[in-house]
Amino acid sequence: MSVGTGPQTYVPYHIHTDYSLLDSCSKFEEYVDMAVSQGITAIASTEHGKPLGWISKKLYCDSKGVKFIHGVEIYLTEQLFPKVRDNYHTVLLAKNQAGVRELNRLVGISSDEEHFYYTNRISFDEFLQISDNVIKTSACLASPLNKLPADHPRYMELANHYDYLEIQPHHCEDQIRYNQRLFELSKRIGKPLIAGTDTHNSTPYKAECRRLLMVRKKKSYGNEDDFDLTWKTLDELEAMFASQGALPDEVFLEAIENTNRMAASIESFDLDKSIKYPILYGSSEEDSRRFVELTEQKFAEKIRDGIIPLSQESAFRAAISEEMRVFQKLNMCGFMLSMSELVGWCKSQGMAIGTARGSVGGSRVAYVTDIIDLNPETWHTVFSRFCNENREEIGDIDVDVVESDRPAIFQYIISRFGSSHTARVASFGTIAELGAIDDAGGALRVLWESKHKDSEDENPWALSKIDKIKQLYSSDPQAAKDRYPELFYYFDGLLSTKVSQSVHPAGMVISPINLDEEYGVFDKDDERCLVIDMEELHEVGAAKYDLNNRSRA
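Residues numbered from 1 in each chain as written. Predicted model: local features only at pLDDT ≥ 70, side-chain atom pairs only at ≥ 80, totals over all residues. Heavy atoms only, no water.

Draft legend 1. Focus on the overall build of the chain. Counting its regular elements, the chain contains 23 helices and 13 strands. In terms of overall dimensions, the chain has a C-alpha envelope of 90 × 60 × 50 Å along the principal axes. In the chain, which comprises 553 residues, the share counted as buried stands at 55%. The long-range fraction of contacts in the chain, counting pairs at least 24 apart against all pairs at least 6 apart in sequence, stands at 78%. On the chain, roughly 23,700 Å² of surface is accessible, and the fraction owed to carbon and sulfur atoms is 47%. (Helix = DSSP H or I, 4+ residues; strand = E, 2+ residues; numbered from the N terminus. Buried < 20%, exposed > 50% of the residue type's maximum accessible area, 1.4 Å probe, protein only. Contact = heavy atoms within 4.5 Å. Areas by Shrake-Rupley, 256 points an atom, 1.4 Å probe, with all protein chains shown as cover.)

Draft legend 2. Structural context of empty space enclosed by the protein. Taken as a whole, this structure holds two cavities of 30 Å³ or more when the rule is applied. Lining the largest cavity, in full, are Gly354, Thr355, Ala356, Arg357, Val360, Ile371, Ile372, Ile397, Asp398, Val399 and Asp400. The residue makeup of the lining of the largest cavity, split by class, is six nonpolar, two polar and three charged. Looking at the second largest cavity, its volume works out to about 40 Å³. Every residue lining the second largest cavity is listed: Pro169, His170, Thr197, Thr199, Asp228, Thr230, Lys232, Leu237 and Met240. Partitioned by chemical class, the residues of the lining of the second largest cavity number three nonpolar, four polar and two charged. (1 Å grid on protein atoms, 1.4 Å probe; cavity = no way out; pocket = protein on both sides within 12 Å on 5 of 7 lines; lining within 4 Å. Points joined across faces, edges and corners; volume = space filled by probe spheres on them. Nonpolar A, V, L, I, M, F, W, Y, C, P; charged D, E, K, R; others polar.)

Draft legend 3. Summary view of a negative patch on the surface. A cluster of acidic side chains, namely Glu113, Asp523, Asp525 and Asp526, defines a negative patch on the protein surface. Tracing the chain through its elements places Asp526 in the loop between strand E11 (521-524) and strand E12 (527-530). (Patch = residues over 30% accessible without salt bridge, like charges linked within 9 Å, V, L, I, M, F, W, Y side chains within 5 Å. Salt bridge = Lys/Arg side-chain N within 4 Å of Asp/Glu carboxyl O. Lys, Arg positive; Asp, Glu negative; His and termini not counted. Charge placed at Lys NZ, Arg CZ, Asp CG, Glu CD.)

Draft legend 4. Local environment of the pairing of strand E2 (residues 67-77). Within E2, 10 of the 11 residues are buried, which leaves it mostly tucked inside the rest of the structure. The sheet contact formed by strand E1 (residues 42-45) and E2 spans four bridges and is parallel. Directly across from Ala44, in E2, lies its bridge partner Ile69. Where E2 meets strand E4 (residues 122-123), two bridges bridge the pair, whose relative direction is parallel. Looking at E4, one finds that Thr77 is bridged to Ser123. (Pairing = 2+ DSSP bridges.)

Draft legend 5. Region of interest: the pattern of salt bridges. Tallying each qualifying case throughout the model produces 39 salt bridges. The shortest N-O distance in the salt bridge between Asp228 and Lys232 comes to 2.6 Å. Judged by its relative accessible area of 31%, Asp228 is partly exposed. Under the relative-accessibility criterion, Lys232 is labelled buried at 14%. In this structure, Asp272 engages Lys276 in a salt bridge whose closest nitrogen and oxygen atoms are separated by 3.7 Å.

Draft legend 6. Geometry of the side chain of His16. Mapped onto the elements, His16 comes out in the segment before helix H1 (28-37). Excluding anything up to four places from it in sequence, His16 contacts Ser24, Tyr31, Thr46, Glu47, His48, Glu73, Asp198, Thr199 and His200.

Draft legend 7. Up close: the nonpolar core. Membership of the largest hydrophobic core comes to 83 residues, with the highest contact counts inside it found for Ile43, Trp54, Leu92, Leu145, Trp231 and Leu530. Of all the elements, helix H7 (residues 173-189) adds the most residues to this core, at six residues. Among residues more than four places away in sequence, those in contact with Leu145 are Ser138, Tyr155, Ala159, Tyr162, Leu165, Tyr178, Arg181, Leu182 and Leu185. (Core = buried A, V, L, I, M, F, W, Y, C linked by side-chain atoms within 4.5 Å.)

Draft legend 8. The layout of surface pockets, seen in detail. Considering only enclosed or pocket space, the largest pocket measures out at about 1,400 Å³ in volume. Looking at the largest pocket, it is lined by 47 residues, and the ones nearest its centre are His48, Tyr75, His89, Thr119 and Tyr221. The residue inventory of the lining of the largest pocket, partitioned by class, reads 15 nonpolar, 16 polar and 16 charged.

Draft legend 9. Structural detail: the packing of aromatic side chains. Inspection of the entire model under this criterion finds 21 aromatic pairs. Judged by centre distance (5.5 Å) and plane angle (40°), the rings of Tyr88 and Phe124 are tilted. Of this pair, Tyr88 sits in strand E3 (residues 88-94) while Phe124 sits in helix H4 (residues 124-128), and the two are 36 residues apart along the sequence. Take Tyr88 and Phe124: they sit in the same class, and that class is buried. Each residue in the set Phe291, Phe327, Phe383 and Phe386 is aromatic and connected to the rest through ring pairs, giving one cluster. A cation sits over an aromatic face here: Lys50 above Phe522, 5.0 Å from the ring centre. A cation over a ring is seen here: Arg416 above Tyr281, with NZ or CZ 5.3 Å from the ring centre. (Phe/Tyr/Trp six-rings, centres within 6.5 Å; stacked < 30°, edge-to-face > 60°. Lys NZ or Arg CZ within 6 Å of the ring centre and 35° of its normal.)

Draft legend 10. Looking closely at the packing of helix H8 (residues 204-216) against helix H17 (residues 433-451). Orientation of H8 relative to H17, taken along the N-to-C sense of each, is 75°, at an axis distance of 8 Å. The angle between H8 and H17 falls in the class roughly perpendicular. Contacts from Arg211, Leu212, Leu213, Val215 and Arg216 of H8 reach H17 at Asp438, Asp439, Ala440, Gly442, Ala443, Leu444, Arg445, Val446 and Leu447. Classifying every residue of the contact of H8 with H17 gives eight nonpolar, one polar and five charged. (Axes fitted to C-alpha atoms, helices over the stretch in contact; angles between N-to-C directions. Parallel < 35°, antiparallel > 145°, perpendicular 65-115°, else oblique.)

Here it is as C-alpha cells:
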C-alpha cells in the first residue's frame, strides 16, 4: 500500500523488551537488527515505568547507525494522596539532551515513597509540567484519554498537553472505538495522530514464548489475545490499520507518516564516555593537592613507626613519586582519596576489611594511605597491573567487607558524597537453562490442565516428569531436545529472558555528576538504584565501588 501512496518507512517508537519484566521475551537488539534490515532509521525504547538498560540500547543503536530515542511508558495518577490504583499510561520520548535529563529525573521522582503505589508514577499535575523537551503521546487503551470520561474536569487539560494522540492497529472493539474517539479529538483540538504499535515481541515465535511465560508466572492483561503485539513491517502495519477499519486510509497513513516527522524532530545525542572519578573537595586540583599531602603525612608516620622499614624507604619514595605522577595524569587522585577515606572510616568503626584484593595490591601509595594492608615492596607486586598512564578504562578497587557491615558502609558513602552523586547498581535475574525447562514445562502443565479438566489421564508435564527431563538434559542435552520437542520448542526463546530486577549486593557508584539526571535512578527496597547495570557503568566511565562479601573470622 505504501509504494507511491503513503509513507516509505515508519519509526517504531512504542517498544517493549524483556526489561519490561514478565511482559516480553524479546531483546532490544532483535528490534534494531530488524529495523536495519527494513531501512528503518530510528527506534525508541519505552519500557514500563523505568528506562532500564537504556545505555546499552543506545550504544547498540549507535553501532548500527540507527537513531536511538530515549523513552519510557510512564504511569500517571490523578492524585498522590490518598493513594488510588488508577495508574494511567503515557509514553514520554526525550526530544534532546535536556529532555533525556528531564525524563530521567521524572522516573526518579515517580518511584519515591510519595509517588509509588503498586508501581512508580507521577501525578496529573506533574505530567502537565513536563516541558517541550519531552514528547508526550497518549499511549494505549490504559491512557487517561480512554479511561477517563470526556466530561472529566481534567480531560481536555490533559489532551491539550499531549503532542500526539496515539492510535494503534489492534483489531478489537475497544481499540476501534478509541481510535475513532482520538480522531474526533484530533480534529477538535488540532493535535496530530500518530501510529503506535505497542510492540512486545520481535517475532511470532517470541510472541508464543511471551504467552507461555505469562501463563507460567500467572500474569494477565485482560483481553490482550485481541491484540497483535508483534513487530510489523510498514506494509504489515498499514494492512492492520486497513483491516481494522476504524479510520479512513488517508488518516492512518498520515498517522504513520507522523512517526517519521516525530523522529526527525528529535535531536541525536552523544553519551559522555569520559572517565568520571569522584571529586571530593570542589575540584580535581584540590583533590590532588590533598591526596599528595595525605600520602606524604602517612608515609612519614609509617617510616617513623617502623611500619615501613628504613631499608624500603628509598624504593617507596621513588614508587610514590611515579605513582602520583600517573594518578595526576589520569585525574585519579579523587578516587584514591575517596578509597582512603572510605577504608579509614570502616576501620574507625571497628569493621573488618580485607588485606588487599586484586591488582591494587601493587600500589605503594595505596599501602601508605591505608587502602590496603599488604606491603607491595615486601611482596614485590607490580603497580602497572593496577594502573598505568596509558590506561583507557576507569580503574576500580574491590574491598572485602563483612556482609552485615554493608548497609552502614553504603549509608556512610551516601552521607559523605551526597545522595545525587551516589547510587546502588541494578542487577537482573534471567532464566537459566534448567529454569527454561521449568518455565516451559510449568506453562504446558497449566495449559494441558485447562484443556483436560475432566480427564483422568496423567498430565504429561507433571512435576515428576519435568524433573526427569531436567536430569536428562543435564546429562545429554540433545537427547532431551529430541525426545521432548514440544517443550524444547520454547527453550531458546525463554533462555536468558530477564524476569526480575534487584540491587547488586556489592556495587555502589560515586560520581562527580548528577546521577538522577544523567542516568536515572529509582527507589528499590529503600535503596536508590541506577536504571543501568555494572557493564553499562563501565561503558560510560562511572566509578563503581565493589564491597565484596567476606566471612567474619
